[in-house]
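# Examination of the molecular architecture
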2 protein chains.
Amino acid sequence: MKLLQEKIRKEGEVLSETILKVDSFLNHQIDAKLMLEIGKEFAERFKEEEITKVITIEVSGIAPAMAAAAYLDVPLVFAKKTKSVTMDENVYSSQVVSFTKGVTNTIQIAKRFIDEHDKILIIDDFLASGNALVALNEIINDSGATLVGTGIVIEKGFQKGGEKLRKEGFKIESLAIIEKMGKEGMIFKK
Amino acid sequence: MKLLQEKIRKEGEVLSETILKVDSFLNHQIDAKLMLEIGKEFAERFKEEEITKVITIEVSGIAPAMAAAAYLDVPLVFAKKTKSVTMDENVYSSQVVSFTKGVTNTIQIAKRFIDEHDKILIIDDFLASGNALVALNEIINDSGATLVGTGIVIEKGFQKGGEKLRKEGFKIESLAIIEKMGKEGMIFKK
């Protein structure tokens, strides 16, 4: 997605060979109009899949996932990392190691929001090691629902999570795939 | 907002006289189309205010805030509760006690995303005690920006935060104000 690649090139800060900071439009400040464009693009790429629900993980997946859900006209469910007093006891849960935060989180989705009739599209902001995606897929499998596709805003192609998961059969559409990054900037996969 | 009140009446679960669970469209599963309607309504109510930025707190404020930001055509910034490795050191911060989670969080906004030229609209999912709003207002004051309005999806009118803050001069627009709730259901302010 050209618009997104330009935005990453212009505003993304390469903090190391593996850490990209996109706080100005995705992870802290959010470019709402860009998110709508991203959502529209995901909806277009997965329009044949008869998706019934979009799933993401809080926090930074919510904005692009909401936009995709709006264009697909289906609900969005975000997996929670913390328990609220209003949280169901009846949940599917899974473990995920966060690459950027260096912690292991238990993520949870209430059982009543996902079942065997659902065709799920996962949307997330980043794909690096693929840990979050594997954890969400576990929850989807537990529920009996079908994962029909995954939409990623930015894939760190050099971290091989995407490559590995595609080999395992995951259908992943990434709007920007970074092949290499460093002090000289970044190279996107064409 | 009639559509929202109907949704709350139909799907909201009154867990006690103070706790309302709206997990099916706002706090866990999100009705994306409804969020767009909510965002449109906020944009309409604050269209005269020359807003330059929408601010919210992660997590549940993000969906309605993003929709409002999209309609107002301005960026959204969400205050963070946890530090990420890509988080700026240079932040405004404030303390907020969460009513539903029973914990005190430090919320933070990077200084580069808010300054004295900004006219801010705060959007949040709930207004109860008003603690979150006060904490966000502290950050806005520290930055030199101006808070021009606050848009709330659901106000718990019986918890008096809104009443108190309106007296202090906050311009608050709540799309649904619950005056009373209990086993018999709920009464909205007309």
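Residues numbered from 1 in each chain as written. Chains lettered and ligands numbered in written order. Predicted model: local features only at pLDDT ≥ 70, side-chain atom pairs only at ≥ 80, totals over all residues.

The pairing of strands in a sheet comes from backbone hydrogen bonds and takes either a parallel or an antiparallel form. Ordered by their spatial adjacency, 7 strands build an open sheet running β3(A)-β5(B)-β4(B)-β8(B)-β9(B)-β10(B)-β11(B), and the pairing between neighbours is mixed. Each edge of the open sheet is held by one strand with a lone partner, namely β3 (29-30) of chain A together with β11 (185-188) of chain B. Where strand β8 (residues 119-127) of chain B meets strand β9 (residues 146-156) of chain B, 8 bridges bridge the pair, whose relative direction is parallel. By the bridge assignment for β9(B), Ile122(B) is matched with Thr150(B). Contacting β4 (53-57), β5 (76-79), β8 and β9 of chain B, helix α4 (residues 131-143) of chain B runs over the sheet at an angle of about 160 degrees to β8(B). (Pairing = 2+ DSSP bridges. Helix = DSSP H or I, 4+ residues; strand = E, 2+ residues; numbered from the N terminus. Contact = placed C-beta atoms within 7 Å. Axes fitted to C-alpha atoms, helices over the stretch in contact; angles between N-to-C directions.)

Turning next to the environment of Ile120(B). Residues and elements named next belong to chain B. Relative to the helices and strands, Ile-120 is located in strand β8. With 29 residues separating them along the chain, Ile-120 and Gly-149 place their C-alpha atoms 6.9 Å apart. Contact partners of Ile-120, with chain neighbours within four places excluded, come to Lys-53, Ile-55, Ile-140, Ala-145, Thr-146, Leu-147 and Val-148.

Packing of helix α3 (residues 62-72) of chain A against helix α2 (residues 32-45) of chain B leaves a shortest axis separation of 8 Å and a crossing angle of 105 degrees. In terms of their interaxial angle, α3(A) and α2(B) are classed as roughly perpendicular. Listed contacts from α2(B) to Met66(A), Ala69(A) and Ala70(A) of α3(A) are Ala32(B), Lys33(B), Met35(B) and Leu36(B). Along the lines of polarity and charge, the residues of the contact of α3(A) with α2(B) split into 6 nonpolar, no polar and 1 charged. (Parallel < 35°, antiparallel > 145°, perpendicular 65-115°, else oblique. Nonpolar A, V, L, I, M, F, W, Y, C, P; charged D, E, K, R; others polar.)

Model confidence for chain A is summarised by a mean pLDDT of 94, while 95% of its residues fall at 70 or above. For this predicted complex, the interface score ipTM comes out at 0.94, while the overall pTM is 0.95. (pLDDT = per-residue confidence, 0-100.)

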